[in-house]
Amino acid sequence: MSENGQPMRIGILGAGMIAVVNYGVLPNLVHIRDKAEVTAIADPVFERAQEAQRQFNIPKAFASLEEMLEGAEMDAVVNLTPIPFHGPTSKKILQAGKHLATEKPLATTMEEANELIEIADSKGLTIVCSPPDMLYPHYQETQRLIAEGAIGKVAFAKVRSSHGGPASGAWPNDPTWFYQKGSGPLLDMGVYGIHEITGLLGPAKRVVAFSGITEPVRTVRGGPFKGKQIEVTANDNNLLMLDFGGSTFAVVDGTFNVNAAKSPKLEIFGREGTININDPFSGAPIVEIYRVDAVPGISGWITPVGGAFARQQERVGNLRRAILVDHLVDCVREGKRPVLSAEHARHALEIMLKVEESAASGCALDLTTTF
Ligand SMILES: NC(=O)c1ccc[n+]([C@@H]2O[C@H](COP(=O)([O-])OP(=O)(O)OC[C@H]3O[C@@H](n4cnc5c(N)ncnc54)[C@H](O)[C@@H]3O)[C@@H](O)[C@H]2O)c1
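Residues numbered from 1 in each chain as written. Predicted model: local features only at pLDDT ≥ 70, side-chain atom pairs only at ≥ 80, totals over all residues. Heavy atoms only, no water.

Here we look at the domain arrangement of the protein chain
One frequently used descriptor of interface size is the decrease in accessible area upon assembly of the parts. The criterion, for reference: Where each domain begins and ends follows an automated or database-derived domain assignment. We call two residues in contact when some of their heavy atoms are within 4.5 Å. Buried area adds together the accessible area that both of two parts lose upon being put together, with accessible area traced by a 1.4 Å probe. Throughout this description, the term salt bridge denotes a Lys or Arg side-chain nitrogen within 4 Å of a carboxyl oxygen of Asp or Glu. We define a polar contact as two N or O atoms separated by no more than 3.5 Å, with the added condition that, inside protein, one atom must be a possible hydrogen donor and the other a possible acceptor, whereas residues neighbouring each other in sequence contribute only through side-chain atom pairs. Helix and strand assignments come from DSSP, with helices taken as H or I runs of at least 4 residues and strands as E runs of at least 2, each series counted from the N terminus.
As assigned here, the protein chain comprises domain 1 (8-132 + 320-339) and domain 2 (133-306 + 347-366). Tallying the contact residues gives 19 residues for domain 1 and 19 residues for domain 2. Where domain 1 abuts domain 2, roughly 1,800 Å² becomes buried across the two surfaces, and 72% of that area is made up of carbon and sulfur atoms. When residues of domain 1 are sorted by the area they lose upon contact with domain 2, Met17, Pro131 and Pro132 head the list and together hold 30% of the total. Inspection of the region where domain 1 meets domain 2 yields one salt bridge. A salt bridge links Lys104 to Asp188; its shortest N-O distance comes to 2.8 Å. Across the domain 1-domain 2 interface, the total number found is five residue pairs in polar contact (both at pLDDT 80 or more). Going through the elements one at a time, helix H5 (110-123) and helix H9 (323-334) are the ones with two or more residues in the side of domain 1 that touches domain 2.

Here you go:
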């Protein structure tokens, strides 16, 4: 429910894959019908907006954001456009006085990110920015364990934040833009790992990176665009290191080069133990903790089981990407500062922009933002 006890009225901007796919936003809003109702959808490919309108029974469809802002009753807009459009479209959404839930990254320049935060602050609007990982119980539990000293002082972390790229599978829409300047795997995938590790350890102080293009042309392997040759203009191979101060470091990848992996998604090595976060579909427990002296005189692995943790995990699992809307409604209704805050997203963006700068100059760069 919104401030007035009615479901929050939501406009959807962009009727592409993350809007309609089974793990996306629209199919999973059924779980929070009492909290949010979609009143409109807009996409410049108007047939796509109309198709989603039919499929999800949405009252109005539009061919542009401007028309939707003009013609629909909305309290908030969910921005599901491709990465380069996030900054300019989110600015219009906030200027029109609507709360915002946006796909990652928040924007592609620091100027845009600062402006979005300023507009939201001045108008008393809430911004929720993907990725949602820090809302997941296993990340929140890991955050608590680290803060309570369960693995002692953290020395370093290894974060896997890549996949094989949208051209390596059977993407339903044209995946070309993911490989082009202004997008790329750092902004599309590395952003997850950067949010995760800064969410767990706090803001980073410095970044240093290597970054490059693995192959100048990628060929789409399957789906309706099978065989299409994509010219790669964004760096598709990024490895970065973060310095959190006090000799705590992390290494994060953000590439379209991990076709398969068996290692944990995240490994955090502390002086008193280790925490692994595993991929949900890996078959391994989602969190594992190794503790020196788990019981007196014996060190070993501990796997959390059952209880509230499992139930919460199920709720989050059901919401999938609609969790962004769920979080936005909760924050607006309860006047809460979002866990998925714009300030955190701006810090992640500064890291990503400085990855390219650091790779070009060969220097470690100081980070100035925090959250
Ligand atoms: N596809 C996924 O599995 C996935 C998963 C998580 C997050 N995301 C994120 O979701 C966002 C969209 O990705 P996608 O895969 O759905 O892309 P997509 O290309 O399938 O869809 C994007 C849609 O936005 C529309 N669009 C373009 N410019 C627009 C504008 N100015 N106003 C309104 N609509 C506009 C396009 O016509 C298209 O229908 C990206 O930020 C991406 O990082 C995607």
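Here we look at the sheet that holds strand E5 (residues 99-102)
Cut-off, in case you're wondering: Note on pairing: two strands pair once DSSP finds at least 2 bridges between them. Fitted lines through C-alpha atoms serve as axes, helices being fitted only where they are in contact, and the angles separating the N-to-C directions of these axes extend from 0 to 180 degrees.
If you walk across this open sheet you meet the six strands as E3-E2-E1-E4-E5-E6, and the pairing is parallel. Two strands close off the open sheet at either side, each with one partner strand: strand E3 (60-62) and strand E6 (127-129). Neighbour to neighbour, the strand axes of the sheet diverge by 25° on average, direction disregarded. As paired elements, strand E1 (residues 8-13) and strand E2 (residues 36-42) share six bridges and run parallel to each other. Bridge pairing links Ile10 to Val38 in E2. Packing of helix H2 (residues 46-56) onto the sheet brings it into contact with E2 and E3, and relative to E3 it is tilted by some 165°.

So, the pairing of strand E15 (residues 287-295)
Summarising the sheet, strand E14 (residues 273-277) and E15 pair through five bridges and their orientation is antiparallel. Bridge pairing in E15 places Thr274 opposite Tyr290. Here four bridges tie E15 to strand E16 (residues 298-302), and the two strands are oriented antiparallel to one another. Along E16, the bridge assignment pairs Val295 with Ile298.

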